[in-house]
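An overview of the molecular structure
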Amino acid sequence: MDLVARAGPLQQIENVLFMSLRPSSHADSILKRGHRVNRLTDVGPRELSGRPGLVETPVGGACESSRTGAALVEQLVPTHADAGHVRFGDGVVFHVRSGEVDRGKNECTCGQPEPIFQITRYREAVPQLQLSLTDACNMGCTYCSFRDRVHADGKPVTMPLETARRAIDFYGRQVVGAGAGYGRIDFGLAGETMLVRHLHDQVQRLIEDGLDTSDVAIVWSGPNVTNATLSMSDELAATLGAPQDISLDGPRDVHDRVRFYTNDRGGTYDDVRSVLDRVLQRHPDMGVSAVLTAYCTDFARIFSHLFDEIGARNIYMKPVNARHDVDYALNAETLPAFQEGYRTLVEHILSHPPQGILDRLLALSPEDYFMRFVYRVKDRTVQTYRCGAGKSGAYVDTNGNIYACAHFIGKSGWHIGHVDTGFDEEKRRHFTEMTVDTRPACQGCYARYVCGGGCHYQAVLANNDISRPDEVKCELIRFLTRLAVRLVTTLQQVHPQVLAALPTPYGLDPGLATAPAETAYRPTGRLRVSDTPVTPAPVALDHAGRVRGALPPEAPLGLTSRMRDGRLTLDVNGAALDTVEAIRVWLQPYGEGRLTLGDLSVRGPSNSGWLLRLTRHGAEWLDTPGERFRRVPHPEESWTLASDVLLDFGTASARAIIDVRALVDGGTPPGIGAPSLGVNVLVDLRSGGTLLLARYEPFVDLPVDADGFLELAGPEADALAGGGAGWPDGLLPLGRWTGLQPNVC
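Criteria and cut-off values
- Residues numbered from 1 in each chain as written.
- Predicted model: local features only at pLDDT ≥ 70, side-chain atom pairs only at ≥ 80, totals over all residues.
- Heavy atoms only, no water.
- Buried < 20%, exposed > 50% of the residue type's maximum accessible area, 1.4 Å probe, protein only.
- Helix = DSSP H or I, 4+ residues; strand = E, 2+ residues; numbered from the N terminus.
- Pairing = 2+ DSSP bridges.
- Phe/Tyr/Trp six-rings, centres within 6.5 Å; stacked < 30°, edge-to-face > 60°.
- Core = buried A, V, L, I, M, F, W, Y, C linked by side-chain atoms within 4.5 Å.
- Disulfide = S-S within 2.5 Å.
- Salt bridge = Lys/Arg side-chain N within 4 Å of Asp/Glu carboxyl O.
- Axes fitted to C-alpha atoms, helices over the stretch in contact; angles between N-to-C directions.
- Parallel < 35°, antiparallel > 145°, perpendicular 65-115°, else oblique.
- Contact = heavy atoms within 4.5 Å.
- Nonpolar A, V, L, I, M, F, W, Y, C, P; charged D, E, K, R; others polar.

1. Comments concerning the pairing of strand β7 (residues 128–131)
Neither face of β7 is exposed, since Gln128 and Gln130 on one face and Leu129 and Leu131 on the opposite face are all buried. Relative to strand β8 (residues 182–187), β7 runs parallel, the two sharing 4 bridges. When the bridges of β8 are listed, Gln128 appears paired with Arg184. Pairing of β7 with strand β14 (residues 394–396) involves 3 bridges; the strand directions are parallel. In the sheet register, Leu131 faces β14, and the bridge partner there is Val396.

Have a look at this one:
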């Protein structure tokens, strides 16, 4: 089986946090990459592949956008690049330490080193246990690295249940540890886990028994990636869903060249496609992963097939990990073709009108190998570590050996412990002490804080040494960093509304820059009683700075709010209301012992607090999941009629009255002080985008005991009042917080 599965949507903080507020059909949508899917509108665009609800964005206005793409490509070569700055011919400067991208007209923005550059301990939100339940696979993929390890070191093909039990016990003791809030246990990846689906329920029982007395609050578990060829019946296809991934490497000729059945039984494209089409009908956000090889570097063609023909809206493409001496590898000879492939992919995306550009950027997962650099540049993220390899989580083979990451599973000589004896701390230290500022090969590289130091496994394939990154891959990463900078600046100049609509991480009070993950979270934004005796001006929900996943509506839409006698009244008014599918109101208790900074990475409207959905058909409360042990894929959401909410949803106005005091009083156990309450209003458009009261924070403070009309205050409100749509002053991007680090494969 290939190893294209993403290291963990839970771990990817910069992804999860800016996705956590979007609408979802799954109770644990926080786990998903979560991308926008076009819904049919009155305009009537063509349906994709006969799948109702998915539409192809019409291609138009391509000439101007094509010129934009060509101009971007011409500006890729820098005039100067060193460890501190990259300068381009048109005056654009990328500041390596501050992460700022500007025209170089002001003083350098890097300043003194921030705490984020001085992290000495890696910690992620959701430590992972990877149980490689089987090494067996029904496919013989060209680039599979596990096939030669099946019988290595005398290990069995299938993991004995007793080994799984001991691995879970080890995970509870040493990986999760005391006080950990969340855990994730995957059933894969070295073989095809669906070959042993009969073991899944037994392993789940071992998980629940083994972690029953641990401090972990929630554990997600199950198979997270499959080749789909063992799920072709309708009954089995129905068991697949988000956040799982299905592997499809592109069009039939591309896919079948590298992904085929064992024993000369031919390619797998048709079988995978038959399953994928059915799964995407039910789960449009199902992950679709593609390995990129030198056999086909027309990445625009691969992406177009997945986006336009398959209808995938959660696409992850990544260059193959391989030795340099194989003909499908990224190596010195094929590097120019890989670079050209990414360049033409960006040109292809920019050849569409603004809505088409946005749709395609959103369809690429933030964990996609190129898009991760785009978001890190856009959001000024700092990666002092490449990933969690050897530092967090445990990846266990059928023999009980522990490895640094999933890529290493079963590779002789590279285990870093055993489930019976724990980690070999001396071996582990080689991983834990490596940052981009301590590795000589990284210290002078301008892409170091965007990259994090390169894949340790690929370093072994290229140099047999985790401390020496693969220089060919490094050259590709430097190219992709420059391409990301140029794409961001092009969007800033030509399509600012597209850039504004892309997902954004949360921001924190800068005073929390070094706060540990256990610190209680408090928003900086708040609703406060208005000083004016008359109704204050409504919050402009149609402002570009409040729109995510769509271009701003052409008509206005405003929100006014009022508190009286513990009841919150919300009024949404404007001509754009006829483009609204639903209005969601998220109410989240917070305060000491209720919500921490670490919780932000996994808790959101779909699994925390109270979520109210308002439509023309009525009001409903989400049945928030309360189970401690949760299976993958996620179950469908369920909703209960909100008979306690007064709702009037008309053609140009909608009013809801919510008794928030009753919610707080009813949800507070005896003897515990009443919490503070946060609120966010999320207006879901039929086009698939969302308008938010608070975009750069999960919610704003709601004064439950206030009496009067409310107005929005705080850094985000100040920024939007000044006409801006970019990052607000007074908020620290979460990617520059020291408390937790992301883990991306």
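Let's pick the thread back up.
2. Notes on the sheet that holds strand β12 (residues 287–292)
Pairing in this open sheet of 4 strands is parallel, and the strands run β10-β11-β12-β13 from one edge to the other. Each end of this open sheet is capped by a strand with a single partner; those strands are β10 (225–226) and β13 (315–319). Alignment of β10 against strand β11 (residues 245–247), held across 2 bridges, turns out to be parallel. Looking across to β11, one finds that Val225 is bridged to Asp245.

3. A few points about the packing of aromatic side chains
Summed over all chains, the structure comprises 17 aromatic pairs. Where Tyr122 meets Tyr385, the ring centres are 5.4 Å apart and the plane angle is 90°; that geometry is what we call edge-to-face. Taken as a pair, Tyr122 in the loop between β6 (101–102) and β7 and Tyr385 in the loop between α11 (371–379) and β14 lie far apart in primary sequence, 263 residues in all. A residue is classified by how much of its surface remains accessible, and Tyr122, at 8% relative accessible area, is buried. What makes Tyr385 buried here is its relative accessible area of 4%. Consider the rings of Tyr696 and Trp727, whose centres lie 5.1 Å apart with planes at 80°: the pair is edge-to-face. Of this pair, Tyr696 sits in the loop between β32 (690–692) and β33 (700–702) while Trp727 sits in the loop between α19 (715–721) and β35 (732–733), and the two are 31 residues apart along the sequence. On the basis of relative accessibility, which here comes to 28%, the residue Trp727 falls in the partly exposed class.

4. Focus: the nonpolar core
Judged by nonpolar contacts, the single largest core of 84 residues is most densely connected at Tyr342 and Phe370. Here this core gets 11 residues from one element, more than from any other, and that element is helix α16 (residues 471–494). Core analysis: the second largest hydrophobic core is formed by 59 residues, Met139, Ala167, Phe187 and Leu189 among them.

5. A closer look at the state of the cysteines
Tallied over the full model, the rule gives 0 disulfides. Not part of a disulfide, Cys108 finds its nearest cysteine sulfur in Cys110, a span of 3.6 Å.

6. Considering the pattern of salt bridges
All told, the structure shown has 35 salt bridges when counted by the stated rule. A salt bridge links Arg380 to Glu100; the nearest nitrogen and oxygen atoms lie 3.6 Å apart. In this pair, Arg380 sits in the loop between α11 and β14 while Glu100 sits in the loop between β5 (93–95) and β6, placing the two residues 280 residues apart along the sequence. The partner of Arg736 in a salt bridge is Glu114, with the nearest N and O atoms 2.5 Å apart. With Arg736 in the segment after β35 and Glu114 in the loop between β6 and β7, this pair connects stretches of sequence that are 622 residues apart. Glu114 shares its class with Arg736; the two are buried. The network of salt bridges with common partners includes Glu162, Arg165, Arg166, Asp169 and Asp420.

7. Some remarks on the packing of helix α7 (residues 269–282) against helix α8 (residues 299–310)
Axis separation between α7 and α8 bottoms out at 12 Å; the angle between their running directions is 50°. Taken together, the axis directions place α7 and α8 in an arrangement best described as oblique. Contacts between α7 and α8 involve Tyr269, Arg273, Leu276 and Leu280 from the former and His305, Glu309 and Ile310 from the latter. Of the residues belonging to the contact of α7 with α8, the class tally is 4 nonpolar, 1 polar and 2 charged.

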